[in-house]
Amino acid sequence: MTCGFTRDRKASSTAKRGVMMNRIPRWRREMKISRPLRGHLQTVLNQLPAILWTTNRDLAITFIAGKPFESLGLTHDEVIGWTLAQFYKTDNPRFPGIVAHRRALRGEFVDYDRVRRGIHFHSHVEPLQDAAGNICGVIGIAFDITKRAQRERKLRKALAQLKRKSKETRTY
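Residues numbered from 1 in each chain as written. Predicted model: local features only at pLDDT ≥ 70, side-chain atom pairs only at ≥ 80, totals over all residues. Heavy atoms only, no water.

### A few points about the overall build of the protein chain
Thinking step 1. For the protein chain, the count of helices and strands is six helices and five strands.
Thinking step 2. When the helices and strands of the protein chain are read in sequence order from the N terminus, they spell out α-α-β-β-α-α-α-β-β-β-α.
Thinking step 3. The burial tally for the protein chain puts 32% of its 172 residues in the buried class.
Thinking step 4. Of the contacts formed within the protein chain by residues at least 6 apart in sequence, a portion of 41% connects residues at least 24 apart.
Thinking step 5. Accessible surface for the protein chain amounts to roughly 11,500 Å². Of this, 56% is attributable to carbon and sulfur atoms. (Helix = DSSP H or I, 4+ residues; strand = E, 2+ residues; numbered from the N terminus. Buried < 20%, exposed > 50% of the residue type's maximum accessible area, 1.4 Å probe, protein only. Contact = heavy atoms within 4.5 Å. Areas by Shrake-Rupley, 256 points an atom, 1.4 Å probe, with all protein chains shown as cover.)

Structure, rendered in structure tokens:
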């Protein structure tokens, strides 16, 4: 089994769908997943409260799914084949998300945080391996932690107020 594929960005959407459709029967044979299970898996992926993705060794996105993805204003078909630099809209090779993915290609498991469009994400990436155990890309998951980040900010603010009041009380 392969780790995935990257569509040709210059190919027409019809050709891209053709490439994908040509791969599905092979994938089905290799994975031997029943039709009801495939349908259930698709439902789960569409409602997953996180973003799940894979890249190839060139850090081009080969798969992406999850409910928070919709809030980024992008479509799945649009993003497949993009490099991480395109996805993150940066040319900076030291950008934390790109650095984390490069480390994963070297065999490391990496966590990092990122804010995009006001949404706070906590991400985890690790090597994606083929059937022989060779690293053929990266698999990652990003959780929307916006509400948690807001609660933490409120708690820090409340703690700072308590510290100020405590100092005021000691001075009397």
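### Some thoughts on empty space enclosed by the protein
Thinking step 1. Under the counting rule described, the total for this entry stands at one cavity of 30 Å³ or more.
Thinking step 2. By volume, the largest cavity is sized at about 180 Å³.
Thinking step 3. What lines the largest cavity is a set of 14 residues, and nearest its centre among them are Trp53, Phe87, Tyr88, Ser123 and Ala142.
Thinking step 4. Listing elements by their share of the lining of the largest cavity, those giving two or more residues are β1 (50-56), β2 (61-65), α4 (84-88), β3 (110-116) and β4 (119-129).
Thinking step 5. Within the lining of the largest cavity, the residues separate by chemical class into 11 nonpolar, one polar and two charged. (1 Å grid on protein atoms, 1.4 Å probe; cavity = no way out; pocket = protein on both sides within 12 Å on 5 of 7 lines; lining within 4 Å. Points joined across faces, edges and corners; volume = space filled by probe spheres on them. Nonpolar A, V, L, I, M, F, W, Y, C, P; charged D, E, K, R; others polar.)

### Structural notes on the packing of aromatic side chains
Thinking step 1. Under the definition given, this model contains two aromatic pairs.
Thinking step 2. Arranged with centres 5.6 Å apart and planes meeting at 70°, the rings of Phe87 and Tyr88 form a pair that is edge-to-face. Side by side, Phe87 and Tyr88 carry an identical accessibility label, which is buried.
Thinking step 3. With a centroid separation of 4.9 Å and an interplanar angle of 40°, the aromatic rings of Tyr88 and Phe95 are classed as tilted. Pair check on accessibility: Tyr88 and Phe95 agree, each one buried.
Thinking step 4. One aromatic cluster in this structure is built from Phe87, Tyr88 and Phe95. (Phe/Tyr/Trp six-rings, centres within 6.5 Å; stacked < 30°, edge-to-face > 60°.)

### Examining the pattern of salt bridges
Thinking step 1. Applying the stated rule across the entire model yields three salt bridges.
Thinking step 2. Here Arg103 ties to Glu108 by a salt bridge, and the two come within 2.8 Å at their closest N and O atoms.
Thinking step 3. In this structure Arg103 comes out as partly exposed when scored by relative accessible area, which is 31%.
Thinking step 4. Since its relative accessible area comes to 29%, Glu108 is described here as partly exposed.
Thinking step 5. Glu152 is the salt-bridge partner of Arg148, the closest N and O atoms lying 3.4 Å from each other. In this pair, Arg148 and Glu152 both sit in helix α6 (residues 146-170), four residues apart, roughly one turn of the helix.
Thinking step 6. Within the structure, one salt-bridge network assembled from shared partners comprises Arg103, Arg106 and Glu108. (Salt bridge = Lys/Arg side-chain N within 4 Å of Asp/Glu carboxyl O.)

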